[in-house]
Amino acid sequence: MRKYLYLTGLLLVLTGMMPVLKKYVFKVDTGKSEIYWKCDKHHGYVPLKSGRLIIDDQGNVTGIFYLDLSSLQVKDLDTDEYRTAKGILENTLKNEFFEIDKYPDAYFRLEDVQYIQDDTYRFTGDLTMHGITVCVSFKGKLYFKKGHLYLDSEKFVIDRTAWGIYRLSPKHPYPDDEHGWTVKDSVDIRVHLVMDKISGK
């Protein structure tokens, strides 16, 4: 009930009137939205290809968001001095870790949103990546500001091996790695989405 009342109030702010339509669709602004990642010594962003979030007049929230792994960025090497190292690392992540030629599709399907307090929610859905789908849950804020709907998550951690991404894993070392290098399995994630209402049906 609290989730319904809060989201009804959010829709009232968005539309400027009591929500009488059954469904409101919001489109992700891909130029302003991104997924932040951090693993071991490096961090960066994954842009989004597209995405939609739907809120109905009963307070239910669903959506689907497509990640652009082919445009993955490493930001801590963003200087002329490390330009070559940045390119090598980005290509290694895309081709050896995510194997984007073999698994080009990555997306998150939002299935459930539970109200916590104020504008904070728990978001739960299925993340499909590297050909494997795993349920993921995280806390974040859903709020309206300056004509846009925002979703900002708190930092949460995923284990890349849950999606079969074993390259340089301490738990699943590759036998051909003569240097014995490893990369942590845990990856810190934060989500930042900026959305605009495109329809109400």
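See above for the structure.
Criteria and cut-off values
Positions within a chain are numbered from 1, following the residues in the order the chain's sequence is written. Given that the model is predicted, a residue must reach a pLDDT of at least 70 before its local features are reported, and side-chain atom pairs must reach 80 or more before they are shown or counted; all residues, however, enter totals for whole chains, interfaces and linings. For the side-chain quantities, the full set of heavy atoms in the structure was used; hydrogens and water were omitted. Put simply, DSSP marks the helices as runs of H or I at least four residues long and the strands as runs of E at least two long, and each gets a number from the N terminus on. By the convention used here, residues are in contact when the closest approach between their heavy atoms is within 4.5 Å. In these tables, accessible area is a Shrake-Rupley quantity obtained with a 1.4 Å probe, and a residue counts as shielded only by the protein chains included in the view. Here, a salt bridge means any side-chain nitrogen of Lys or Arg that lies within 4 Å of a carboxyl oxygen of Asp or Glu. For this analysis, a polar contact is any N or O atom pair within 3.5 Å, provided that within protein one partner can donate a hydrogen and the other can accept it, and provided that sequence-adjacent residues contribute only side-chain to side-chain pairs. Buried residues of nine kinds, namely Ala, Val, Leu, Ile, Met, Phe, Trp, Tyr and Cys, make up a nonpolar core once their side-chain atoms join them within 4.5 Å. Burial classes: relative accessible area under 20% of the type maximum marks a residue as buried, over 50% as exposed, and values in between as partly exposed (1.4 Å probe, protein chains only). Here a cavity denotes grid points, spaced 1 Å and computed from the protein atoms alone, that fit a 1.4 Å probe unable to get out, and a pocket denotes an open set having protein on both sides within 12 Å along at least 5 of 7 lines; residues with an atom within 4 Å of a point are the lining. Grid points are joined across faces, edges and corners, and a volume is the space filled by probe spheres set on the points. For this classification, Asp, Glu, Lys and Arg are treated as charged, while Ala, Val, Leu, Ile, Met, Phe, Trp, Tyr, Cys and Pro are nonpolar and the rest, including Gly, are polar. For patch building, the residue pool is restricted to those with more than 30% relative accessible area and no salt bridge; the joining distance is 9 Å between like charges and 5 Å between nonpolar side chains (Val, Leu, Ile, Met, Phe, Trp, Tyr). Under the convention used here, Asp and Glu are negative, Lys and Arg are positive, and both His and the chain ends fall outside the count. Charged groups are reduced to one reference atom each: NZ for lysine, CZ for arginine, CG for aspartic acid, CD for glutamic acid. Here the expected length of a helix is defined as 1.5 Å per residue gap, with one fewer gap than residues. Between rings of Phe, Tyr and Trp, where Trp is taken as its six-membered ring, a pair exists when centres lie within 6.5 Å; planes separated by under 30 degrees are stacked, by over 60 edge-to-face, and by other angles tilted.

### Brief notes about the overall build of the protein
Counting its secondary structure elements, the protein contains 2 helices and 11 strands. When contacts within the protein are restricted to residue pairs at least 6 apart in sequence, those whose partners lie at least 24 apart make up 58%. For the protein, the accessible area works out to roughly 11100 Å², and carbon and sulfur atoms hold 51% of it.

### Describing the pattern of salt bridges
Between side chains of opposite charge, pairing is possible as soon as their charged atoms come close. Enumeration according to the criterion identifies 9 salt bridges in this entry. The residue K75 makes a salt bridge to D78 at a minimum N-O spacing of 2.7 Å. K171 is the salt-bridge partner of D159, the closest N and O atoms lying 3.2 Å from each other. Residue D159 is located in strand β10 (residues 156-159), and its partner K171 is located in the loop between β10 and β11 (186-200); the two are separated by 12 residues in the primary sequence.

### Here's the deal with the side chain of R160
Relative to the helices and strands, R160 is located in the loop between β10 and β11. A polar contact of 2.9 Å, which involves the side chain of R160, links it to the backbone oxygen of K184. What R160 contacts, discounting residues up to four positions off in sequence, is F97, I165, Y166, R167, L168, S169, V183, K184, D185 and V187.

### A short note on the nonpolar core
One finds W37, L53, F65, L151 and M195 to be the most contacted residues of the largest nonpolar core, which totals 46 residues. Leave out the neighbours within four places in its chain, and F65 touches V28, L48, S50, G51, R52, L53, A106, Y107, F108, L110, L193 and M195.

### Observations regarding the layout of surface pockets
Estimates place the volume of the largest pocket at around 910 Å³. Together, 42 residues line the largest pocket, and W37, C39, L93, F98 and V187 are the ones closest to its centre. No other element matches helix α2 (residues 83-97), which puts 5 residues into the lining of the largest pocket. Among the residues forming the lining of the largest pocket, the class breakdown is 32 nonpolar, 3 polar and 7 charged.

### Some details on a positive patch on the surface
The grouping of K38, K155, K184 and R190 at the surface amounts to a positive patch. Looking at the secondary structure, you find K155 in the loop between β9 (148-153) and β10.

### Notes on α2
Side chains three or four residues apart in an α-helix point the same way, a direct result of the helix having 3.6 residues per turn. Here α2 contains 15 residues, and its C-alpha end-to-end distance of 20 Å stays within 8% of the 21 Å for a straight helix at 1.5 Å per residue. For α2, the secondary structure elements touched by its buried residues are β2 (34-39) and β5 (73-74).

### A few points about the environment of Y45
Tracing the sequence through the fold places Y45 in strand β3 (residues 42-56). Each C-alpha atom, one on Y45 and one on V74, is 6.7 Å from the other, the two residues being 29 residues apart in sequence. If we ignore the near neighbours within four places in the chain, the residues touching Y45 are E34, I35, Y36, W37, L72, Q73 and K75.

### Things to note about the environment of K141
Mapped onto the elements of the fold, K141 is located in strand β8 (residues 132-145). Between the alpha carbons of K141 and D118 there is a distance of 8.8 Å; along the sequence they are 23 residues apart.

### Observations concerning the packing of aromatic side chains
Working definition: an aromatic ring pair is given by the centre-to-centre distance plus the angle between the planes. As enumerated under the stated definition, the model contains 8 aromatic pairs in all. Residues Y115 and Y121 carry aromatic rings whose centres are separated by 5.5 Å and whose planes lie at 70° to one another, so their mutual orientation is edge-to-face. Y121 carries the same exposure label as Y115, and that label is buried. Between Y143 and Y150, the aromatic rings sit 5.2 Å apart at their centres with planes inclined by 5°, giving stacked as the arrangement.

In short, geometric facts, not functional conclusions.
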